[in-house]
Every structure is written in structure tokens, then in C-alpha cells.
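Secondary and tertiary structure notes
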Amino acid sequence: TAITEVCLPIFAQAAFHTYADEATPSASPFEPPQGLLDRIYNKTLDGIKVRMQVYRVCTSAASDSIFVTAIRGSANLENWLLNLHAALVPADIRLVDNAHASASADKTAGDVPMVHSAWQEAAFVLSQELDLALAKEPSASQLFFVGHSLGGALSVLLALIQ
């Protein structure tokens, strides 16, 4: 859609900024015109050290309130340990229900997808955090997810949960 085309560079900027050090932010190669991203949430979760940021996208092309959730990829030892905890487990029923709701008709009710156990756990923690962040934003009508590497995997799972 037209909104997505307008927002793609903005989504790239959001993903880039999850890697930036808060003390010394670096220039983004995806810098859209100033003021198009309004960060409403920024947190690095204890233990797993996954950084999630949520932005309100400020664009005149958007008639609704668009938000983008950006999750940083593997950037530290805790992230790599999370990646290595790679046991496959049956997907949580919340993921399965949402995946089947959007899957094609050739899927059967008996198909149970398998998922990376640590990523699934992390996605549900992030989902709770996202719910808290968006509770203060009643106008949120469209929510997009971006991420690279670990952040990409968690973004997919988080999109299914939400």
C-alpha cells in the first residue's frame, strides 16, 4: 500500500537505531526527514539483553496512527546464548491459533509447528512489554515489526502473538 511505501525508509531507520548506543548515537544511513519517528518506548530486557523500541510514525500520508516495533539483532553474549538455546518445542497455542488463522486452507488442525524454545519465551516477554507500551497509545491502529537476525526472528513471533 501507499502507506507502507512511504514508511519503509522510516522502518529501516527504526531498525538501525536499535543498535545505536544511547550515549553516542550514530548517524543512520536511513535518516528520513526529521520528526517522522517519535520513540515512545526503549528498553533492554534484563537477563536476555534484547533491546526493543516502539515508535509512533509521524507521516502526513497516514490517516491512522502507525507504530513500528523494532527489535535489535544479536549484539552481546546474552543474545548469542539465547540463540544457542535452540531446542525445538511445539509452538504455544497462542502462536498456533494465530498462525492457522492466517495460513492457507491446505493446513490441517493437526499440524503443530515447532519453534525455537528460547525465542518463543523471549517473544512472550516482549509481548507483555509491548502491551504496556501501547496501553498508553489508544490511537494505535496499525502495528509493524522490524528486526535483523535475532530481532527478525522475534519480530515474526511477536507479530503472531499480537
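**Overview of the overall build of the protein chain**
Regarding its fold elements, the protein chain presents five helices and six strands. The order of α-helices and β-strands along the protein chain, N terminus first, is α-β-β-β-α-β-α-β-α-β-α. Taking all 162 residues of the protein chain together, the buried fraction comes to 40%. Taking the contacts inside the protein chain whose residues are at least 6 apart along the sequence as the reference set, 66% of them involve residues at least 24 apart. A total of about 8700 Å² of accessible surface is found on the protein chain, and carbon and sulfur atoms cover 59% of it.

**Here we look at helix H5 (residues 150-161)**
Here H5 is twelve residues long and its end C-alpha atoms lie 17 Å apart, about the 16 Å a rise of 1.5 Å per residue gives. When you tally the buried positions in H5, you get nine out of twelve residues, the bulk of the element. Regarding H5, the residues found buried are Leu-150, Gly-151, Gly-152, Ala-153, Leu-154, Ser-155, Leu-157, Leu-158 and Ile-161.

**Examining unusual backbone geometry**
A positive phi angle, close to 55 degrees, is found at Lys-49, a residue other than glycine. Taking relative accessible area as the criterion, Lys-49 reaches 30% and is therefore assigned partly exposed. A positive phi angle, near 60 degrees, is found at Ser-149, a position not held by glycine. With respect to the helices and strands, Ser-149 occurs in the loop between strand S6 (140-147) and H5.

**Here's the deal with the packing of aromatic side chains**
In the structure shown here, the tally under the stated rule is one aromatic pair. For the pair Phe-11 and Phe-144, a centre-to-centre distance of 4.9 Å together with 40 degrees between the ring planes defines the contact as tilted. Of this pair, Phe-11 sits in helix H1 (residues 2-17) while Phe-144 sits in strand S6, and the two are 133 residues apart along the sequence.

**Observations regarding helix H4 (residues 117-135)**
Taking 1.5 Å of rise per residue, 19 residues should cover 27 Å, and H4 covers 27 Å from first to last C-alpha, within 8% of that figure. For H4, the complete set of buried residues consists of Ser-117, Ala-118, Gln-120, Ala-122, Ala-123, Phe-124, Leu-126, Ser-127, Glu-129, Leu-130, Ala-133 and Leu-134.

**Considerations on the sheet that holds S6**
Overall, mixed pairing links the four strands, which are arranged S1-S2-S3-S6 in an open sheet. Strands at the two margins of the open sheet, each flanked by one partner only, are strand S1 (37-44) and S6. If you compare each strand with its neighbour and ignore which way they point, the axes differ by 20 degrees on average. Both strand S3 (residues 65-71) and S6 contribute to a ladder of seven bridges, which runs parallel. Counterpart to Ser-65 in the pairing with S6 is Ala-140. Across the sheet, H5 touches strand S2 (51-57), S3 and S6, and the angle it forms with S6 is around 150 degrees.

Quick notes on the rules
Residues numbered from 1 in each chain as written. Predicted model: local features only at pLDDT ≥ 70, side-chain atom pairs only at ≥ 80, totals over all residues. Heavy atoms only, no water. Helix = DSSP H or I, 4+ residues; strand = E, 2+ residues; numbered from the N terminus. Buried < 20%, exposed > 50% of the residue type's maximum accessible area, 1.4 Å probe, protein only. Contact = heavy atoms within 4.5 Å. Areas by Shrake-Rupley, 256 points an atom, 1.4 Å probe, with all protein chains shown as cover. Expected span 1.5 Å × (residues − 1). Phe/Tyr/Trp six-rings, centres within 6.5 Å; stacked < 30°, edge-to-face > 60°. Pairing = 2+ DSSP bridges. Axes fitted to C-alpha atoms, helices over the stretch in contact; angles between N-to-C directions.

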